[in-house]
Amino acid sequence: MALLQSQLDQGALLTITHDIDVARQLGGDLIVMRRGQVMERGSVASVLANPQSDYTRELLAADPQSWTQAKQPLPAAAPLVRVEGLGKSRGGNPLFEEVSFELYPHQLTGLVGDSGCGKSTLGDLLLGNLQPDAGKVVYQRPFARHQLLKLYQDPPAAFAPGVTLQQLLMDLVRLHRLDASRIPPLLERLHLNPQLLQRSCTEVSGGELQRISLLRALLMDPVLLFADEPTSRLDPITSQQIIELLVEVAQDFACSVVLVSHDPVLVEKTCHQVIAL
């Protein structure tokens, strides 16, 4: 942020952002756009304090600082995963040491920390994609390997291009012998038009593709879902929708969701526990 602001001494700075707090800190003028149209324009202070368009008001209401919904209490249950004294290094440099916690069904766990501190690495350890240098990850009951799942930061990176989403889902159904009849009700629940499945991953929006990623995960009855900054490339309204869906997944599917985020307010308002690296 300081580096961006330093550029103002040398000329004009045009910043494109989904982050309302970034716009607030930069100051200056603010242009709010939707589908290629300017919805309103003015100083940052005036637009954020007194928005004139309905869309701007929706954007501000979607900011986590404006959320009012209380977290759902955790029902009593045995842990799904127990992490004991976990440690991992990269290139000879320790990322973290002596990390211990438990993950429960219906629970949202926030994972926070600076870039490069090991959040994604910890996720790979939880999912069994990496082996720790010290400590262990103990699964408290047996379940299939494909029930440990990841929701990626960049949705297109999680899908093969040039193939319809319908074909990719049916390949998954055949591979894991899943029930294809669950797809239509999941599409409805995630507010997805079935016609989207006739397109490839490059022909739908980021928010739609992230919801299709979630649909794909739900088909496999996830026990643990590691959501690695799943809203970082989405606008505030779509981000709020994705977070609300993750909350529903944890509640309704007895799944443990680990949410990686750089937004401390979002984590505080949605998660039952927070792990800081």
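Notes on the structure follow. Quick caveat, the model's predicted, so the values are computed rather than measured. (Residues numbered from 1 in each chain as written. Predicted model: local features only at pLDDT ≥ 70, side-chain atom pairs only at ≥ 80, totals over all residues. Heavy atoms only, no water.)

1. Quick word on the overall build of the protein chain
- The number of helices and strands found in the protein chain is 10 helices and 10 strands.
- Its C-alpha atoms give the protein chain a radius of gyration of 20 Å, near enough to 19 Å, the size a compact globule of 277 residues would have.
- In terms of its C-alpha atoms, the protein chain occupies a principal-axis envelope of roughly 55 × 45 × 40 Å.
- Taking all 277 residues of the protein chain together, 44% fall into the buried category.
- Here the analysis covers contacts within the protein chain between residues at least 6 apart in sequence; of these, 67% occur between residues at least 24 apart.
- Approximately 14500 Å² of the protein chain is accessible, and the part contributed by carbon and sulfur atoms is 50%.
- In the protein chain, which carries 23 positive and 30 negative side-chain charges, the distance between the mean positions of the two groups comes to 6 Å. (Helix = DSSP H or I, 4+ residues; strand = E, 2+ residues; numbered from the N terminus. Rg over C-alpha atoms; globule rule 2.2 N^0.38 Å. Buried < 20%, exposed > 50% of the residue type's maximum accessible area, 1.4 Å probe, protein only. Contact = heavy atoms within 4.5 Å. Areas by Shrake-Rupley, 256 points an atom, 1.4 Å probe, with all protein chains shown as cover. Lys, Arg positive; Asp, Glu negative; His and termini not counted. Charge placed at Lys NZ, Arg CZ, Asp CG, Glu CD.)

2. What about the sheet that holds strand 4 (residues 93-103)?
- The strand order 4-3-6 describes an open sheet built from three strands, whose pairing is antiparallel. Where the open sheet ends on each side, the last strands, each with one partner, are strand 4 and strand 6 (134-139). Sheet twist, expressed as the average angle between the axes of neighbouring strands with direction ignored, equals 25 degrees.
- With five bridges joining them, strand 3 (residues 81-90) and strand 6 adopt antiparallel strand pairing. Considered in strand 6, the bridge of V83 is made with V137.
- Strands strand 3, strand 4 and strand 6 of the sheet are contacted by helix 5 (residues 119-126), whose axis makes an angle of about 55 degrees with strand 4. (Pairing = 2+ DSSP bridges. Axes fitted to C-alpha atoms, helices over the stretch in contact; angles between N-to-C directions.)

3. So, the packing of aromatic side chains
- Summed over all chains, the structure comprises one aromatic pair.
- Taking the ring centre of F159 as reference, the NZ or CZ of R216 above it sits at 4.0 Å. (Phe/Tyr/Trp six-rings, centres within 6.5 Å; stacked < 30°, edge-to-face > 60°. Lys NZ or Arg CZ within 6 Å of the ring centre and 35° of its normal.)

4. What about helix 6 (residues 165-176)?
- The end-to-end C-alpha distance of helix 6, which contains 12 residues, comes to 17 Å, matching closely the 16 Å that a straight helix rising 1.5 Å per residue would cover.
- Buried within helix 6 we find L165, L169, L172 and V173. When helix 6 is viewed along its axis, its buried side chains cluster within an angular range of 100 degrees and face the same direction. In helix 6, the exposed positions that point more than 90 degrees away from the buried face belong to R174 and L175.
- Where helix 6 is buried, its residues touch helix 7 (183-189) and helix 8 (206-219). (Expected span 1.5 Å × (residues − 1). Arc of directions from axis to C-beta.)

5. Considerations on the sheet that holds strand 9 (residues 256-260)
- Spatially, five strands are ordered 7-8-9-5-10 in an open sheet, and the strand pairing comes out parallel. One side of each edge strand has no neighbouring strand; the edge strands of this open sheet are strand 7 (148-151) and strand 10 (273-276). If you compare each strand with its neighbour and ignore which way they point, the axes differ by 20 degrees on average.
- Relative to strand 9, strand 5 (residues 108-112) runs parallel, the two being bridged by four bridges.

6. Things to note about the packing of helix 6 against helix 8
- Their axes nearest at 11 Å, the elements helix 6 and helix 8 cross at an angle of 15 degrees. On the basis of the axis angle, helix 6 is roughly parallel to helix 8. Between helix 6 and helix 8 lies a crossing of right-handed hand. Residue-level contacts link L165, L169 and L172 of helix 6 to L209, I212, L215, R216 and L219 of helix 8.
- Here the contact of helix 6 with helix 8 is composed, by residue class, of seven nonpolar, no polar and one charged. (Parallel < 35°, antiparallel > 145°, perpendicular 65-115°, else oblique. Left-handed = near helix turned anticlockwise from the far one by under 90°. Nonpolar A, V, L, I, M, F, W, Y, C, P; charged D, E, K, R; others polar.)

7. Re the packing of helix 8 against helix 9 (residues 236-252)
- Relative to each other, helix 8 and helix 9 sit at 10 degrees, their axes nearing to 10 Å. For the element pair helix 8 / helix 9, the angle class is roughly parallel. For the pair formed by helix 8 and helix 9, the contact residues are G207, Q210, R211, L214 and L218 on the first element and T238, I242, L245, L246 and V249 on the second.
- Classifying every residue of the contact of helix 8 with helix 9 gives six nonpolar, three polar and one charged.

8. Observations regarding helix 8
- The terminal C-alpha atoms of helix 8, which comprises 14 residues, lie 20 Å apart, in line with the 20 Å expected from a rise of 1.5 Å per residue.
- With 12 of 14 residues buried, helix 8 lies mostly within the body of the structure.
- Positive backbone phi, approximately 50 degrees, marks D221, located one or two places after helix 8.

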